[in-house]
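Now for the letters of each chain:
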Amino acid sequence: MLLIADDSDGDSTSARLAWSIGTNPVVVRRIAGQLSRAGLIAVQRGPGGASLSRPATQITLRDVWRAIHPEKEKLLGIHKKTNAECTVGRMVPKLLRQRFDQAETALMADFSKTTIAQLAAGLGEHAERAVAE
């Protein structure tokens, strides 16, 4: 998303994105399909590549996360086959689920406040520091 947002050269193809991410273009095309179905990007086959469907200031990290990870999907999994006969073991999944749900709620709240534009601005700040060093 950051490469697409920063695409001043019109080079947001799956090959270019895959090169930057360090993965295969097929993986990028699969994720791009999810982002497209969520209305976050528009994809043009061939040399056109991808573009944001709305301004980067209007796309949150939560939007991106949820496009790839559905709401029903938990971020943190729990081993559910603890021994029901153990007084501790049988309680662990429930105790952890409560804490993990709280952590996920906090994370999604933070993601909801973080836009692609803010992340892109952070990239610029880091690049300026790297050049100065």
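Scope of this entry: the structure provided in the associated data block. Computed from a prediction, not measured in an experiment: that's the story for all the values here. (Residues numbered from 1 in each chain as written. Predicted model: local features only at pLDDT ≥ 70, side-chain atom pairs only at ≥ 80, totals over all residues. Heavy atoms only, no water.)

What follows concerns the side chain of Thr114. Structurally, Thr114 can be placed in the loop between α5 (92–113) and α6 (116–132). In this structure the side chain of Thr114 is engaged in a polar contact, spanning 3.0 Å, whose partner is the backbone oxygen of Asp110. With residues near it in sequence (within four places) discarded, Thr114 still touches Ile59, Thr60, Leu61 and Leu119. (Helix = DSSP H or I, 4+ residues; strand = E, 2+ residues; numbered from the N terminus. Polar contact = N/O pair within 3.5 Å; in protein donor to acceptor, adjacent residues only side chain to side chain. Contact = heavy atoms within 4.5 Å.)

Space inside the largest pocket adds up to approximately 380 Å³. Met1, Leu2, Ile21, Ile31 and Leu35 are, among the 18 residues lining the largest pocket, the residues nearest its centre. At the level of elements, α1 (2–5), α2 (14–21), α3 (25–37), α4 (61–68) and α6 are the ones that each hand at least two residues to the lining of the largest pocket. A class-by-class count of the residues in the lining of the largest pocket yields 16 nonpolar, two polar and no charged. A volume near 260 Å³ is recorded for the second largest pocket. Lining of the second largest pocket is provided by 14 residues; of these, Ser14, Arg29, Val43, Gln44 and Arg45 occupy positions nearest its centre. Sort the elements by how many residues they give to the lining of the second largest pocket and α3 lands first, with four residues. Here the residues of the lining of the second largest pocket are counted per class, giving five nonpolar, seven polar and two charged. (1 Å grid on protein atoms, 1.4 Å probe; cavity = no way out; pocket = protein on both sides within 12 Å on 5 of 7 lines; lining within 4 Å. Points joined across faces, edges and corners; volume = space filled by probe spheres on them. Nonpolar A, V, L, I, M, F, W, Y, C, P; charged D, E, K, R; others polar.)

For the rest of this paragraph, the subject is the packing of α4 against α5. A pair of packed helices is characterised by two quantities: the angle between their axes and the separation of those axes. Following both chains from N to C, one finds α4 and α5 inclined at 120°, their axes separated by 6 Å at the closest point. Between α4 and α5, the crossing angle belongs to the class labelled oblique. Contacts between α4 and α5 involve Leu61, Arg62, Trp65 and Arg66 from the first element and Met108, Phe111 and Ser112 from the second. Here the residues of the contact of α4 with α5 are counted per class, giving four nonpolar, one polar and two charged. (Axes fitted to C-alpha atoms, helices over the stretch in contact; angles between N-to-C directions. Parallel < 35°, antiparallel > 145°, perpendicular 65-115°, else oblique.)

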